[in-house]
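The residues making up each chain are set out below.
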Amino acid sequence: MTHKIILDTDPGIDDAMAIFFAFQCPDIEVLGLTTVYGNVPVSMSAQNALTLCELADQDIPVTKGVGMPWVGPESGYAHFVHGDDGFGNIDFPPSNRQLDPRSAAQFIVDTARENPGDVTLVAIGPLGNLALALRLEPDLPKLVKGVAIMGGAAFVPGNVTPVAEANIWNDAHAAEIVFAADWDLTMFGLDVTNAVPFTPDFLDDLAERNEKLGGFVKESSQFYVDFYSQGREDRVCFFHDAMPLAYLVDPSLFELTTGHVKVATDPLNRGQTSVAPIGSTMSPIWLEASKINVATKVDHAKLSKLYLDTYAL
């Protein structure tokens with residue numbers, strides 16, 4: 001079965017790895033890339049998305065989305081993780097392609113209306129575009145097949161604060177809107193993405209199997225590996241963003257827990273994704289909260305094989 005998706009992204013090195021995985025996978029049809037601020041400013045995010053499409057010979061719409069949090073000042077960016085250019089400072093030439101003139105949110109709404117019940121929204125950055133799309137079209141949850149996000153930390157610590165993961169922390173109010181919507185949402189957070197380190201050997205294998213796309217990931221990831229290897233004896237990195245896509249292709253790779261979710265927006269706990277598994281509480285406040293599925297375990301070996309095999313196609 002082919003999964004039609006809109007990939008909402010903030011490229012970003014692990015975003016690039018995920019985007020190329022989606023392009024290579026015969027079971028995924030990418031209808032468009034919608035871009036958001038996060039790892040880098042939104043203008044750079046959109047430009048990087050165009051560049052990745054050109055490198056992969058993909059002629060699909062790319063739209064620019066929100067550049068600010070739903071509430072509060074402009075975000076700081078993760079240049080210390082992804083480099084000044086979002087691609088590990090490799091000075092890769094930018095594409096001259098043009099953006100689709102629509103906003104990211106409008107593109108999401110238009111595409112969902114054109115393909116009712118067929119589109120999965122895969123969000124691997126902050127959730128402002130999805131929140132705005134819900135404001136433009138309140139019936140959006142009835143028009144899409146489902147939502148899969150990379151973000152959050154249900155039962156493990158955060159990576160920006162003790163309780164918050166970066167994508168949710170970057171736009172907690174937007175995340176609160178998205179998690180509260182009445183759609184089928186599956187969260188792939190640090191519970192699984194931080195459980196799967198990738199070594200330089202994996203990057204070598206990607207490049208050997210796909211000289212162009214895998215070679216780009218390997219080259220751009222050296223800066224990324226340097227960041228993640230600080231304080232460690234081994235050299236590793238984490239490709240967080242491809243996991244929601246891997247789930248579409250092979251759900252058996254993951255174990256899921258269903259629970260009620262709350263997203264914190266107060267200053268101290270901003271971005272915390274608290275999950276109460278079904279049956280764990282009788283509190284009315286929690287029972288009234290939306291239910292989501294949370295990935296809690298992943299098969300590392302099979303996941304790695306899926307990534308490598310797909311890059312080799």
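Okay, so let's go over this structure. Keep in mind it's a predicted model, so treat the numbers as computed, not measured. (Residues numbered from 1 in each chain as written. Predicted model: local features only at pLDDT ≥ 70, side-chain atom pairs only at ≥ 80, totals over all residues. Heavy atoms only, no water.)

Moving on: the overall build of the protein. Regarding its fold elements, the protein presents 14 helices and nine strands. Since a compact globule built from 313 residues should have a radius of gyration of about 20 Å, the 18 Å found for the protein is in line with a globular shape. In terms of overall dimensions, the protein has C-alpha extents of about 55 × 45 × 40 Å along its principal axes. In the protein, 80% of the contacts between residues at least 6 apart in sequence involve partners at least 24 apart. Entry remark: accessible area of the protein is about 12700 Å², with carbon and sulfur atoms responsible for 51%. The protein carries 19 positive and 41 negative side-chain charges, and their two centres are separated by 5 Å. (Helix = DSSP H or I, 4+ residues; strand = E, 2+ residues; numbered from the N terminus. Rg over C-alpha atoms; globule rule 2.2 N^0.38 Å. Contact = heavy atoms within 4.5 Å. Areas by Shrake-Rupley, 256 points an atom, 1.4 Å probe, with all protein chains shown as cover. Lys, Arg positive; Asp, Glu negative; His and termini not counted. Charge placed at Lys NZ, Arg CZ, Asp CG, Glu CD.)

We now examine the packing of aromatic side chains. For the structure shown, the criterion picks out 17 aromatic pairs. Ring geometry for Phe198 versus Phe202: centroids 4.5 Å apart, planes at 45°, classification tilted. A residue is classified by how much of its surface remains accessible, and Phe198, at 3% relative accessible area, is buried. The exposure class of Phe202 is buried, given its relative accessible area of 6%. Measuring from ring centre to ring centre gives 6.1 Å for Tyr224 and Phe239, while their planes differ by 35°; the resulting arrangement is tilted. (Phe/Tyr/Trp six-rings, centres within 6.5 Å; stacked < 30°, edge-to-face > 60°. Buried < 20%, exposed > 50% of the residue type's maximum accessible area, 1.4 Å probe, protein only.)

One pass over the full model with this rule turns up eleven salt bridges. Ionic pairing is found between Glu137 and Arg113, a salt bridge with its closest N-O pair at 2.9 Å. Remark: Arg113 occurs in helix α4 (residues 104-114) and Glu137 occurs in the loop between α5 (128-136) and α6 (140-143); sequence separation between them is 24 residues. (Salt bridge = Lys/Arg side-chain N within 4 Å of Asp/Glu carboxyl O.)

Moving on, we get to the sheet that holds strand β1 (residues 3-9). Strand pairs in the sheet, formed through backbone hydrogen bonds, run parallel or antiparallel to each other. Strand order in the open sheet formed by nine strands is β3-β2-β1-β4-β5-β6-β9-β7-β8, with mixed pairing between adjacent strands. Of all the strands in the sheet, the pair left with one neighbour each is β3 (62-64) and β8 (273-277). Pairwise comparison of adjacent strand axes, ignoring direction, gives a mean angle of 30° for this sheet. As judged from the three bridges shared by strand β2 (residues 28-35) and β3, these two strands associate in the parallel manner. What sits directly across from Leu33, in β3, is Val62. (Pairing = 2+ DSSP bridges. Axes fitted to C-alpha atoms, helices over the stretch in contact; angles between N-to-C directions.)

None of this, on its own, says anything about what the molecule does.
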